[in-house]
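One-letter residues, chain by chain:
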Amino acid sequence: MDYLKILKNKQLNGEIRISGAKNASLPLIAMTILAKNNVSMKNLPKVADINTLLKLLSNLGANIDKQEHCVVVNTTALHETKATYDIVKTMRASILVLGPILARFGHCEVSLPGGCAIGQRPVDLHLKALQSMGANIQIKGGYIEATAPNGLQGCEIIFDKITVTGTANIVMAAALAHGITNITNAAREPEVVQLCEILNASGVKIDGIGTAVLTIHGTNGSLININEFAVIPDRIEAGTYLCAGAITNSELTITSVEPKHLGAVLSKLEEMGSTFTLKEDSITIHPSKTIKPVKIVTQEYPAFPTDMQAQFMALATQADGVSIIEERLFENRFMHVSELQRMGADISLNGHTATVNGKSELSGTDVMATDLRASSALVLAGLVANGETDVHRIYHLDRGYDALEKKLGNVGANIQRLKE
Ligand code: EPZ
């Protein structure tokens, strides 16, 4: 296995190009199940989760032509409708094939994704919504067995909780359903917006895009033509590198980014003392005299994203004062805390709230990544820790960050990928 060796940094300097969004790419790849043509996707990130979902589609019979950052997917020859445990266990977002396969074929089996490091992460809301649309859902031997022999029927759906992949799953199911589906309490994340925009441009009329109430006019089972598109930039990757700039007090420009997707993140960084120069598709963060403490509560978009919580915790260890970080979406998303504490961070936990007493002098040591975003928090801490920080189990990082060590190395970070 690989690990990252990081030495304390002076400041960073230069430009980092942001890759396409992992969390936009995954539903968009699943969306190709609804298409009757070759679907060409550009600006795909080179990350493990994308390869996993493409492998799943290939196992189902899709034809995949993958280049470096783009792919052409043809699902017209799809003949399998079972997403097996061996793949789903490695990437829970495989659940995204459930809605489209069920809508297209009238039956689908998907291994239950099971929990993951950050929480139990049930899919009950996905299943309840599909049942409302007429699906018969059974759980057998760890698999979701879904049938809808007469196709799915449009209906009123109210999500008890805002669910990102739940919204995407139901939007895709509703796209081929008979009649109109209204989703209330829908997720408004940019990744869901792009899925809706592309479906809408492909003949699936969707009203309310970007709002919490989506109205999807189903095609009554007709497959759609999807024109070539480019995946939106990854706002979480962008936020992570902005935190790298803030924690090392650097002048850093991130390019190929959509600033309007980062409102809550930029606002919190400003509260912590950062200043920015924003252009149409770039953000420059400027050095600040000190890092101020902050209060953060993670919530659904457009509020502060849970996927940035760990990175801000690393930054908060360098703030002059006490920061409070409350994690409201996942029940176990503080596993980076113990690793940061081992580096010398002064953090105390009380339920879902972390109190970070800064500024801590961090010391490099061996640390272990536990989940995708925790990994990036440990890299950020390593940039300012005295001595050498070795981040192990970075297969977590490789799931969602495209060439992180190269991108940071290109702006002056002393970071190497080595073999254990
Ligand atoms: C998506 O996960 C993202 N993953 C996650 O990013 C992100 O953290 C999360 O949304 C929240 O923004 C992808 O888009 C592939 P949810 P998702 O359904 O859709 C509960 C990363 O780091 N819930 O919005 O699985 C759930 O337990 C990953 O890139 C139910 O109770 O998250 C959680 O508490 C990590 N029942 C809350 O809702 C359900 O059926 C939000 O989950 C579904 C969800």
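Rules of the game
- Residues numbered from 1 in each chain as written.
- Predicted model: local features only at pLDDT ≥ 70, side-chain atom pairs only at ≥ 80, totals over all residues.
- Heavy atoms only, no water.
- Pairing = 2+ DSSP bridges.
- Helix = DSSP H or I, 4+ residues; strand = E, 2+ residues; numbered from the N terminus.
- Axes fitted to C-alpha atoms, helices over the stretch in contact; angles between N-to-C directions.
- Contact = heavy atoms within 4.5 Å.
- Near = heavy atom within 4 Å.
- Polar contact = N/O pair within 3.5 Å; in protein donor to acceptor, adjacent residues only side chain to side chain.
- Areas by Shrake-Rupley, 256 points an atom, 1.4 Å probe, with all protein chains shown as cover.
- Nonpolar A, V, L, I, M, F, W, Y, C, P; charged D, E, K, R; others polar.
- Buried < 20%, exposed > 50% of the residue type's maximum accessible area, 1.4 Å probe, protein only.
- Salt bridge = Lys/Arg side-chain N within 4 Å of Asp/Glu carboxyl O.
- Parallel < 35°, antiparallel > 145°, perpendicular 65-115°, else oblique.

## Let's talk about the sheet that holds strand 16 (residues 275-279)
No. 1: Pairing within the open sheet is mixed, and its 4 strands lie in the order 2-15-17-16. Here the strands that pair on one side only, and so sit at the sheet edges, are strand 2 (13-17) and strand 16. The sheet shows a mean angle of 15° between the axes of neighbouring strands, direction not considered.
No. 2: When strand 15 (residues 251-255) meets strand 17 (residues 282-286), the two strands line up antiparallel, connected through 4 bridges. Counterpart to L252 in the pairing with strand 17 is I285.
No. 3: Lying on the sheet, helix 8 (residues 235-247) is in contact with strand 2, strand 15, strand 16 and strand 17; it crosses strand 15 at an angle near 170°.

## Side note on the environment of P233
No. 1: Within the secondary structure, P233 sits in the loop between strand 14 (229-230) and helix 8.
No. 2: When the C-alpha positions of P233 and G20 are compared, they lie 4.4 Å apart, and in sequence the two are 213 residues distant.
No. 3: Contact partners of P233, with chain neighbours within four places excluded, come to I18, S19, G20, A21, S256, V257 and E258.

## Focus on the site of the ligand
No. 1: The environment of the ligand is formed by 23 residues, the closest being L125, T163, T165, D307 and L329.
No. 2: P122 has a polar backbone atom sitting 3.3 Å from an oxygen atom of the ligand.
No. 3: Within the side chain of T163, one N or O atom sits 2.7 Å away from an oxygen atom of the ligand.
No. 4: Relative to its free-state accessible area of 830 Å², the ligand is covered by the protein chains to the extent of 90%.
No. 5: Residue assignment for the shell around the ligand shows that the elements contributing at least two residues are helix 1 (22-31), helix 5 (124-132), helix 6 (164-175) and helix 12 (372-384).
No. 6: Across the shell around the ligand, the residue classes tally to 11 nonpolar, 5 polar and 7 charged.

## So, unusual backbone geometry
Leaving glycine aside, a negative phi is the common case for residues, and trans is the common case for peptide bonds.
No. 1: With an omega of 10°, the peptide bond running from Y301 to P302 counts as cis.
No. 2: Along the chain, P302 falls in the loop between strand 18 (295-297) and helix 10 (309-316).
No. 3: A cis geometry characterises the amide bond from G358 onward to K359, with omega recorded as 5°.
No. 4: Positive phi outside glycine occurs at N220, with the angle close to 60°.
No. 5: Take N220: it is sitting in the loop between strand 13 (213-217) and strand 14.
No. 6: Assessed through its relative accessible area of 47%, N220 is described here as partly exposed.
No. 7: Even without being a glycine, R393 presents a positive backbone phi close to 60°.
No. 8: Secondary-structure assignment places R393 in the loop between strand 23 (388-392) and helix 13 (395-398).

## Regarding the pattern of salt bridges
No. 1: Inspection of every chain in the model, using the stated rule, returns 19 salt bridges.
No. 2: In this structure, E326 and R328 form a salt bridge, with 2.9 Å as the shortest nitrogen-oxygen distance.

## What to know about the packing of helix 1 against helix 2 (residues 48-59)
No. 1: Interhelical geometry of helix 1 versus helix 2 gives an angle of 5° and a closest axis separation of 10 Å. Relative to helix 2, the element helix 1 is oriented roughly parallel. Contacts from K22, S25, L26, I29 and A30 of helix 1 reach helix 2 at D49, I50, L53, L54 and L57.
No. 2: Looking at the contact of helix 1 with helix 2 residue by residue, the classes come out as 7 nonpolar, 1 polar and 2 charged.

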